[in-house]
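Residue-level structural notes
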Amino acid sequence: MPIFDQGYQHWSGELSGHAWRWLAITRHGVRVGLKSKLLRIVLFVSWLPALVLAGALCVWGLLEHKSSMIDPIVQFMMFVNPQVLAEPRAYRLEVWTLCFHFFLQTELRFSMILVLLVGPSLISQDLRFNALPLYFSRPLRRIDYFLGKLGVIGFFLAMVTIVPSVVAYILGVFFSMDFTIVPETFRLLVSTVVYGLIITLSAGLLILALSSLSRNSRYVALFWIGIWFVSGISASVLQGVEREHQLRSFAVHNPSFPPASQWRDARRLREERRVRLDSWQLQNSRTDWRPLVSYTENLSRVERALLGTDNSWRKLSELLPDDRDVNHFLVDYAGPFYPWYWSALVLLGLFGLSACTLNFPIKSLDRLR
Amino acid sequence: MYTELSDQITGSPPMMPVVAFHEVSKWYGNVIGINKLTLSIPAGVTGLLGPNGAGKSTLLQLATGQLFPSQGTVSVLGRTVWNNPSLNRLIGLCPEQDAFYEWMSGWDFVYTCAKLAGMGRAQASDAAARSIESVGMTRQMKRSVRGYSKGMRQRIKLAQALVHEPEVLFLDEPLTGTDPVARRDLMDIIQKLGSQGKSVLVSSHVLHEVQSLTQSIILLNHGRLVAQGEVRQIRDLIDNHPHHIVLICDSCRKLAGRLLAWEDIEGVNVLAGGKGLMVQTRSPDAFYGRLPELSLQDDTAITEVYSDDDSLEAVFKYLVNS
Amino acid sequence: MTAASDLMDARQNPRFGTTSFSRVAALWALYILGLRQHLHGKRWMVITLLFLLPAVLVLVVRHTAHDVPPVNFEFVFVFMFIPQALLPLVALIYASGMIQDEQEEQTITYLLVRPSAKWAIYLVKLLATLTTTVCLTAIFTAITYVVIYAGAQSSAESIPLRCAKAILIHALAVITYCCLFGLIGLLSKRSLVIGILYIAIFEGLFANLAFGIRLLTVIYYTRLIAYRTLSFVTFTHGFPQNIAADAWQLDVMNDPQLLEHPQISTCLLVLLLASVFFAGLAALICSRREFHVKTPEKG
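Residues numbered from 1 in each chain as written. Chains lettered and ligands numbered in written order. Predicted model: local features only at pLDDT ≥ 70, side-chain atom pairs only at ≥ 80, totals over all residues.

What chain A contains, in helices and strands, is 16 helices and 0 strands. Along the three orthogonal principal directions, the C-alpha set of chain A runs to about 110 × 55 × 35 Å. Scored against the burial criterion, the 369 residues of chain A give a buried share of 37%. When contacts within chain A are restricted to residue pairs at least 6 apart in sequence, those whose partners lie at least 24 apart make up 87%. (Helix = DSSP H or I, 4+ residues; strand = E, 2+ residues; numbered from the N terminus. Buried ≥ 20, exposed ≤ 12 C-beta atoms within 10 Å, placed from the backbone. Contact = placed C-beta atoms within 7 Å.)

For chain B, the count of helices and strands is 11 helices and 14 strands. Buried positions account for 47% of the 322 residues belonging to chain B. Partitioning the intrachain contacts of chain B with sequence separation of at least 6 by distance along the chain shows that 69% fall at a separation of at least 24.

There are 2 pairs of chains in contact here; the most contacts are made by chains B and C. The two units chain A and chain B are non-contacting; their minimal C-alpha-C-alpha distance is 11 Å.

Moving on, we come to the interface of chain C and chain B. In this assembly, 40 residues from chain C lie in contact with 42 residues from chain B. For the side of chain C that touches chain B, the elements supplying multiple residues, two or more each, are helix 1 (2–10), helix 2 (19–39) and helix 6 (108–112) of chain C.

Turning next to the sheet that holds strand 13 (residues 276–281) of chain B. All names here are of chain B. Across the sheet, 4 strands lie side by side as 12-13-11-14; this open sheet has antiparallel pairing. Both edges of this open sheet fall to strand 12 (265–270) and strand 14 (302–307), since each of them pairs with a single strand only. Across the sheet, the mean angle separating the axes of adjacent strands is 20° when strand polarity is ignored. Where strand 11 (residues 243–249) meets strand 13, 6 bridges bridge the pair, whose relative direction is antiparallel. (Pairing = 2+ DSSP bridges. Axes fitted to C-alpha atoms, helices over the stretch in contact; angles between N-to-C directions.)

All right, on to the nonpolar core then. Formed by 243 residues in total, the largest nonpolar core has its most connected members in Leu114 and Ile225 of chain A, Val110 and Ala114 of chain B together with Phe77, Ala91 and Cys178 of chain C. Ranked by the residues each element gives to this core, the list is headed by helix 4 (residues 70–95) of chain C, at 20 residues. If you look at the next biggest cluster of nonpolar residues, it comprises 10 residues, including Ile245, Leu255, Leu259 and Val279 of chain B. (Core = buried A, V, L, I, M, F, W, Y, C linked by C-beta atoms within 7 Å.)

Residue and element names in this part refer to chain B. With antiparallel pairing, the 4 strands of this open sheet are ordered in space as 2-1-4-5. A strand with exactly one partner marks an edge of an open sheet, and here the two such strands are strand 2 (31–41) and strand 5 (79–80). Note that strand 1 (residues 19–28) and strand 2 share 7 bridges and pair antiparallel. Bridge pairing links valine 24 to leucine 37 in strand 2.

Before going further, it helps to spend a moment on the interface of chain C and chain A. Chain C puts 25 residues into the contact, and the matching count from chain A is 25 residues. Taken together, the elements giving at least two residues each to the side of chain C that touches chain A come down to helix 3 (43–64), helix 4, helix 5 (97–104) and helix 9 (191–205) of chain C. A total of 8 residues in the side of chain C that touches chain A trace back to one element, the largest contributor, which is helix 4 of chain C. Among the residues forming the side of chain C that touches chain A, the class breakdown is 16 nonpolar, 5 polar and 4 charged. (Nonpolar A, V, L, I, M, F, W, Y, C, P; charged D, E, K, R; others polar.)

Once that is clear, we can look at the confidence of the model for chain B. Residue and element names in this part refer to chain B. Overall, the prediction assigns chain B a mean pLDDT of 84, with 89% of residues at 70 or greater. Put simply, helix 1 (residues 2–10) is where chain B has its lowest mean pLDDT, 43, and helix 3 (residues 106–116) is where it has its highest, 96. Across the predicted assembly, pTM comes out at 0.82 and ipTM at 0.85. (pLDDT = per-residue confidence, 0-100.)

Here we come to unusual backbone geometry. All names here are of chain B. Even without being a glycine, glutamate 23 presents a positive backbone phi close to 50°. Among the secondary structure elements, glutamate 23 is positioned in strand 1. Owing to 11 C-beta atoms within 10 Å, glutamate 23 belongs among the exposed residues under this scheme. Despite not being glycine, lysine 36 shows a phi value in the positive range, around 45°. One can find lysine 36 in strand 2.

For the rest of this paragraph, the subject is the packing of helix 13 (residues 295–307) of chain A against helix 16 (residues 340–359) of chain A. Residues and elements named next belong to chain A. For the pair helix 13 and helix 16, the least separation of the axes is 8 Å and the interaxial angle reads 130°. Taken together, the axes of helix 13 and helix 16 lie oblique to each other. Here helix 13 and helix 16 pass one another in a crossing that is left-handed. For the pair formed by helix 13 and helix 16, the contact residues are Asn298, Arg301, Val302 and Ala305 on the first element and Trp340, Ser343, Ala344, Val346 and Leu347 on the second. (Parallel < 35°, antiparallel > 145°, perpendicular 65-115°, else oblique. Left-handed = near helix turned anticlockwise from the far one by under 90°.)

All names here are of chain B. Residue placement: aspartate 264 occurs in the loop between helix 9 (252–260) and strand 12. On the basis of neighbour count, aspartate 264 is assigned to the partly exposed category, with 14 C-beta atoms found within 10 Å. Each C-alpha atom of the pair aspartate 264 and tryptophan 82 lies 52 Å from the other, and the pair is 182 residues apart in sequence. The contacts of aspartate 264, once residues within four sequence positions are left out, are Thr281, Arg282, Ser283, Ala286 and Phe287.

Side-chain direction in a regular strand flips from residue to residue, so the side chains alternate between the two faces of the sheet. Two strands pair when backbone bridges link them, and strand 12 of chain B and strand 13 of chain B are joined in this way by 5 bridges, in the antiparallel orientation. By the bridge assignment, valine 268 of chain B is partnered in strand 13 of chain B with valine 279 of chain B.

Turning next to the environment of tyrosine 145 of chain A. Counting through the fold element by element, tyrosine 145 of chain A comes out in helix 8 (residues 142–160). With residues near it in sequence (within four places) discarded, tyrosine 145 of chain A still touches Ile25, Tyr135 and Leu140 of chain A.

Residue and element names in this part refer to chain B. Regarding helix 9, the residues found buried are Cys252, Leu255 and Leu259. For helix 9, the buried positions fall inside an angular range of 65° around the axis, keeping them on one side. Facing away from the buried side of helix 9, by more than 90 degrees, are the exposed residues Arg253 and Gly257. (Arc of directions from axis to C-beta.)

With that settled, consider the packing of helix 8 of chain A against helix 10 (residues 181–211) of chain A. Residue and element names in this part refer to chain A. At a closest axis distance of 9 Å, the pairing of helix 8 and helix 10 adopts a crossing angle of 130°. Classified by the interaxial angle, the pair formed by helix 8 and helix 10 is oblique. Between helix 8 and helix 10 the crossing geometry is right-handed. Where helix 8 abuts helix 10, its residues Phe146, Lys149, Leu150, Ile153, Gly154, Leu157 and Ala158 lie against Gly196, Ile199, Thr200, Ala203, Gly204, Leu205, Ile207 and Leu208. Of the residues contributing to the contact of helix 8 with helix 10, the split by class is 10 nonpolar, 4 polar and 1 charged.

Let us look at the confidence of the model for chain A. All names here are of chain A. The predicted model of chain A has a mean per-residue pLDDT of 84, with 92% of residues at 70 or higher. Mean pLDDT values over the elements of chain A span from 76, in helix 3 (residues 71–74), up to 94, in helix 13. When the criterion is pLDDT under 50, residues 364–369 qualifies, and its contacts beyond four places in sequence or with other chains add up to 7 contacts.

Here's what the structure looks like:
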């Protein structure tokens, strides 16, 4: 009686290369994800800011051409500096940059929610239902598996960051009816795509690492909430206390009320004090590490560096009638101004930690390959 | 077809049904779990059989009050089960899912279940020890459930179902995933429970397991009752299909010639190797009556007679495929 | 029917004791099981780390911002960070998982086939959750107070009294949050997402708007109780400043007595009634619904 090999039966047909094998996992994950009604709703809602972005870019294009179509809208643009409205082409890059910045800020929140909806079950469910052998008994490598799972996160994040940005950019270019705009603003497009990839890699790998730590996807979701929510609030609290500390330190050398001998100049002195305070806060903002505690703030800082948002704010601040208001303006709207590579290093550290975590918990299952 | 068969098979109801379903249907949205099921399960060990998705788990969950019937009524020991927690004192369930409070030891798990059943500390302790003993887990009871083998987990799951000494036990695929030794032990335990006068409803899709536990079966398919009764009794009622009887003898072809002369024989096949015959008949009783006489004839000495049709497998195949 | 009833009656044997005793014993066992579930394994470590966060942050800021008075730290960490972030989050973790975890782990069957009504199972599990969260809140609020005030110059008001008041306020908040998130956990499988959205939108955004919509938030009432029972006046170079009024959008300039806002008794009543309503509704839903473990949830 012949005894047959009971092990893995190799596929006798021809296999495609490894390059696209992960796509099967991604495709399946996306299909499963899209079955969720809540996810579809979140996707839909997260596209609404994209409409606003596209609308803003189109309006700006029409404004550059002094189109009468937007006259009714211009009346409502009182918040924009009149000089900017008078020379829309001169401030095109700044306005586009800030539009993309606000859009990406909003989408960052939606991205976190999407990761919360999609990510926790990606590996934990496979661990829970012992589904890993189903993957690894096929000609898939660990990297294919992780890429496939990362692709699921990437798909949804791209849907709310990269795709709408690109569409809005193209619409903006068409409405400006001036293709010389492309070299000027192309950096924004590239930055948006790069930023989308950074979020995908960072958040994607992080949630995969968390997902590989537990068989219960609820716990994974809670960990994610902790990283996103608690780190954000902790950073805010630390910054709040630091601001209070700065105000008190500043007040030691700059009393709020001038001595009686200088009461006649009280108003001028108060103004000078305010200017010094703004300058002091701006200075401190350059070395304040507290925002690094927040995961989303780190992503945000990298985004601002990529888009060059701070430069845009600076250029707009030049329009202020009083030079002394510049620092105040920057403190209020721009910043924090600590070096962007601090945040990049934090994200890189988390990335490395996630990669290490992924390397360990599922390692034992490699025996199957 | 199923309805007709079940009408014939369910026949006369037993004296006092332990579990009774009356016109019960259960839908999950558009999916139908149980379809207009009327069923009375008598005391003793009963096998609940059906392929995957037949509605076995739905039936058990309806019988244990976990699900509310979309239509009809379900009663156990004469009482409605839905939202009737006091009835749960008389019911024990060994669920199919391999789920535990993994951080507990086997003892802790069974003891906690005893306490959840409403026992005091001392009684719960005694009951847990007794029930763990009955499933042969005393030696391993202090170990964490997380470290148990599949067989141990099934035993401890059975222990929690037995801990409050229920009158009616529902066992959902209790033998799934167990090795032959654990399987034999669990079957012994179930048979012992039956002999102690407990009513046990065991679900399974593995036919020979149920066959070795009981002759009384319920067959479900697509949420409907296909058949209920003794295996043999059910087989007898399937008149559309001739019985297959195997005769082992030395001179098969001569015997075949004689058999073909009988009017109630529908066909005879010589088995591979020529060592036996497969006879098809619609009158098995008459056939068996004449068989000894035939066997006594020297040149056709029959050494072995058996019917494959009495096996549950064959019955199930007939019923489900038809 | 009669035979079955007789059999049933015969089963009321000494093993189970009297029916009422046996019911209480079953519920007590469930309560203990609930407590153990909340604290077993590494869970308590994760929760401890989370709850220790304000204390750790206080240590950091005491080192970096030594000139800020302790009452500011107390306000920021005990009355902002803990009730706005920690309490809802811990309540969400525990309360939304009371039933969902049992369902996901498929252990709910072991509870449903015991002689306790489903509404009672829910309420007892909620009680275990409330016990756990209130105890954790009390312990770690006290620890935060110790870290804030240890070695610091204390204000005129007794610190232990302030701590006790803070613990009571937090307990009230966490009870309401637990009842609310327990209900959400029963209504939706996505309770975590819904809970987080609720925390961010209602307790984070609406509570900080000086409009009527903040009446719909838990934190508004706890803030009012805190404001009316504790003093949050701090002195910056001799000038008094009410940090709570500024941060909580309470217009003390035009309405120093906060007459336009609910009184303490009203706040207490609202929070307790809301808790009872959420718990009652959840128990009612629980008693009527099916818990699908192996069978499909829907078509």
